[in-house]
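An overview of the molecular structure
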Amino acid sequence: MRTPIIAGNWKMNNNPEDTTNFVEAVKNQLPDSSKVEAVIAAPAVDLPALLAAAKGSNLHTAAENCYFENAGAFTGETSPLVLSQMGINYVVIGHSERRDYFHETDEDINKKAHAVFANQMTPIICCGESLETREAGQAEEWVQRQVTAALKDLSAAQVASLVIAYEPIWAIGTGKTATSDQAQEICHVIRETVKSLYDEETSDKVRIQYGGSVKPANVKELMSKPDIDGGLVGGASLQPDSFLQLVNYQD
Ligand code: PGA
């Protein structure tokens, strides 16, 4: 059985004080981690506050990005080694905003996935097509290619433990959610891709999130789909109430 995983992706929002206040507001109402894993991915500058406030609670922590080298002359980058030493659990990699605005390539994302594992953390690997690609009927092929490139040379055990987030770019921050059937269709394609690259056991274990305008009103429906194991949530994760409704969607 795959444990559902709902992750807030704060993007470039909130300062350390906001972070502490948010965690204080949610930390005693989070689901047991064996039922639903609740995660917050916060900006690097907020991670010390996130870790301090989340300590001893059911809140799991994520960075929104990292570099693929542990140290060196890489001005402005975040070390995966240091994230791991700080106690961070997950790192989101390959978000479409990183791919589009910061020109991250499939190769960079694959290197980051290896670096995250090398530092005993778990990657949340994002993929998803643009509206143009979807309208050209190439969404499946696009996502298959992104997933294949991101997983290159990872072991079956690593892939079984990671998280893949399917986020159609046209649904991010637009209020336009993919229908649960559209989301399920591509999440199924992702699971089949993992099966063809590895085996059925691995594809049964890998957790797949849907992201793109997930909110309390649609989370239950999305989570009812067989290949959707969680959500990666931007806007609706910024308010404690809304985040709590998302992670407690089973209640
Ligand atoms: P959204 O963002 O929920 O605001 O659409 C999702 C994401 O980019 O992870």
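The structure presented is a predicted model; accordingly, all values stated were derived computationally and were not measured. Think of each chain on its own: its residues are numbered from 1, step by step along the sequence as written. With pLDDT at 70 or above as the cut-off, local features in this predicted model cover only qualifying residues; side-chain atom pairs require 80 or more to be listed or tallied, and sums for whole chains, interfaces and linings still use all residues. Just so you know, side-chain values use all the structure's heavy atoms and leave hydrogens and water out.

**Thoughts on the overall build of the protein**
So the rule is basically this: Runs of E in the DSSP output that reach at least two residues are strands. Runs of H or I that reach at least four are helices, and both are numbered from the N terminus. A radius of gyration in this sense is built from C-alpha atoms; the matching globule rule multiplies 2.2 Å by the number of residues raised to 0.38. Residue exposure (1.4 Å probe, protein chains only): buried if accessible area is under 20% of the type maximum, exposed if over 50%, otherwise partly exposed. In what follows, residue pairs with any heavy atoms lying within 4.5 Å of each other are defined as contacts. The protein chains shown are the only cover counted for residues, whose accessible areas, like all others here, come from Shrake-Rupley with a 1.4 Å probe. Think of it this way: Lys and Arg go in the positive column, Asp and Glu in the negative one, and His and the chain ends go nowhere. Note that the charge is assigned to NZ on lysines, CZ on arginines, CG on aspartates and CD on glutamates.
Of regular secondary structure, the protein possesses 12 helices and 8 strands. For the protein, whose C-alpha radius of gyration is 17 Å, the value lies close to the compact-globule estimate of 18 Å for 251 residues. Out of the 251 residues belonging to the protein, those deemed buried represent 54%. Pairs at least 24 apart in sequence give 73% of the contacts found in the protein among residues at least 6 apart. Surface summary for the protein: the accessible area is close to 11,000 Å², and the carbon and sulfur share equals 50%. Positive and negative side-chain charges in the protein, numbering 20 and 34 respectively, have mean positions lying 2 Å apart.

**Some thoughts on the site of the ligand**
Counted only if it meets this: Being near a molecule or strand, for a residue, means having at least one of its heavy atoms within 4 Å of it. As used in this structure description, the phrase polar contact means that two N or O atoms lie within 3.5 Å; if the pair is within protein, one of them must be able to donate a hydrogen and the other to accept it, and residues adjacent in sequence are counted only when both atoms belong to side chains. Gly is put with the polar residues, along with every residue not named as nonpolar or charged; the nonpolar set is Ala, Val, Leu, Ile, Met, Phe, Trp, Tyr, Cys and Pro, and the charged set is Asp, Glu, Lys and Arg.
In the neighbourhood of the ligand, 13 residues make up the surrounding shell, with Lys11, His95, Glu167, Gly173 and Ser213 lying closest. Between an oxygen atom of the ligand and a side-chain N or O atom of histidine 95, the distance comes to 2.7 Å. Within the backbone of glycine 234, one N or O atom sits 2.8 Å away from an oxygen atom of the ligand. When the ligand sits alone it has 280 Å² of accessible area, and the protein chains cover 95% of it. When its residues are assigned to classes, the shell around the ligand shows 4 nonpolar, 7 polar and 2 charged.

**Here's the deal with the environment of alanine 25**
You can see alanine 25 is positioned in helix α1 (residues 16-26). The spatial distance from the C-alpha of alanine 25 to the C-alpha of methionine 1 is 30 Å, given a sequence separation of 24 residues. Those residues in contact with alanine 25 that sit more than four places away from it in its chain are Pro240 and Leu244.

**A closer look at the sheet that holds strand β2 (residues 37-42)**
Here is the rule: Strands are treated as partners if at least two bridges between them are detected by DSSP. In this analysis, axes come from line fits to C-alpha atoms, helices being fitted only over the stretch in contact, and the angle between any two N-to-C directions falls in the range 0 to 180 degrees.
Read once around its circumference, the closed barrel built from 8 strands follows the order β1-β2-β3-β4-β5-β6-β7-β8, with strand pairing classed as parallel. Averaged over all pairs of adjacent strands, the angle between strand axes in this sheet comes to 25 degrees, irrespective of strand direction. As defined by bridge partners, strand β5 (residues 122-127) adjoins strand β6 (residues 163-166) across 4 bridges and the pair is classed as parallel. Paired with cysteine 126 across the strands is alanine 165, a residue of β6. On top of the sheet, helix α5 (residues 106-118) reaches β4 (90-93) and β5; it is set at about 160 degrees to β5, its chief contact. Against the sheet, helix α7 (residues 139-150) touches β5 and β6, its axis set at about 155 degrees to β5.

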